[in-house]
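Spelled out from the first residue to the last, the chains are:
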Amino acid sequence: MIKRVTVTKSAIAVIDTLKKEHGELMFHQSGGCCDGSSPMCFEKGELMINETDVWLGEICDCDFYMSSDQFEYWKHTQLTVDVVKGRGASFSLEIPLGIRFVIKSRIYNKNEMTQLSPTHKGEITSI
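The rules behind the values
Residues numbered from 1 in each chain as written. Predicted model: local features only at pLDDT ≥ 70, side-chain atom pairs only at ≥ 80, totals over all residues. Heavy atoms only, no water. Salt bridge = Lys/Arg side-chain N within 4 Å of Asp/Glu carboxyl O. Buried < 20%, exposed > 50% of the residue type's maximum accessible area, 1.4 Å probe, protein only. Helix = DSSP H or I, 4+ residues; strand = E, 2+ residues; numbered from the N terminus. Expected span 1.5 Å × (residues − 1). Arc of directions from axis to C-beta. Pairing = 2+ DSSP bridges. Contact = heavy atoms within 4.5 Å. Axes fitted to C-alpha atoms, helices over the stretch in contact; angles between N-to-C directions. Core = buried A, V, L, I, M, F, W, Y, C linked by side-chain atoms within 4.5 Å.

Q: Please clarify how the pattern of salt bridges should be interpreted in this entry.
A: Opposite charge on two side chains lets them pair, provided their charged atoms get close. Considering all chains together, one arrives at four salt bridges under this definition. For glutamate 112, the salt bridge goes to arginine 106, with nearest N and O atoms at 2.7 Å. Here glutamate 112 falls in the buried class, since its relative accessible area comes to 13%.

Q: Explanation requested: helix H1 (residues 9-22) in the structure shown.
A: Side chains three or four residues apart in an α-helix point the same way, a direct result of the helix having 3.6 residues per turn. Spanning 14 residues, H1 covers 20 Å between terminal C-alpha atoms, matching the ideal 20 Å at 1.5 Å per step. Of the residues making up H1, those classed as buried are Ala11, Val14, Ile15 and Leu18. Burial along H1 is one-sided: seen end-on, the buried residues are contained in an arc of 100°. Counted as exposed and oriented over 90 degrees from the buried face of H1: Lys9 and Lys20. Just downstream of H1 lies glycine 23, where phi reads positive at about 85°.

Q: I'm lost on the sheet that holds strand E5 (residues 62-67) in this one. Help?
A: The mixed open sheet is built from five strands, whose spatial order is E3-E2-E5-E4-E8. Unpaired on one side and paired on the other, strand E3 (39-43) and strand E8 (120-121) mark the two borders of the sheet. In terms of strand pairing, strand E4 (residues 53-59) meets E8 through two bridges, oriented antiparallel. Counterpart to tryptophan 55 in the pairing with E8 is histidine 120. Running over the sheet, H1 touches strand E2 (25-29), E3, E4 and E5 and is turned about 125° from E2.

Q: Would you mind going over the nonpolar core with me for this structure?
A: Generally speaking, nonpolar side chains in soluble globular proteins are found buried as a group. Counting 23 residues, the largest nonpolar core has Ile15, Phe27, Leu56, Phe64, Val81 and Phe101 as its most contacted members. At four residues, the largest contribution of residues to this core is made by H1. If near-sequence neighbours (up to four positions away) are discounted, phenylalanine 27 is found in contact with Ile15, Pro39, Met40, Cys41, Ile59, Cys62, Asp63, Phe64, Tyr65 and Phe101. Residues Met26, Ile49, Trp55 and Tyr65 belong to the second largest nonpolar core, which totals six residues.

Written out as structure tokens, the structure is:
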């Protein structure tokens, strides 16, 4: 199976640091409201997930979601979570570290499109 979301070694190091401080984490690909189109990291359960969100997989044992509207545009691309220096304008947990998560993407080839990992709609969660 071809993963829909992957992560760089640099981002893994940041995620590991954040997990030590905050415990279990989750990611949601921002739809562009406040911080462009950035992956946002939260403590697990801090962001309500519902049936309009699509689960794309896990990175570093953290669930990764995206809104179903945005997924329609991105469903042909593999997302790679990376980290860069600079402060983003979001509520994502890495921001106080002076870094931010970013997405790099590439379009799947025809063969890969037949081997993609499954997605599923999110379920309503409570805080």
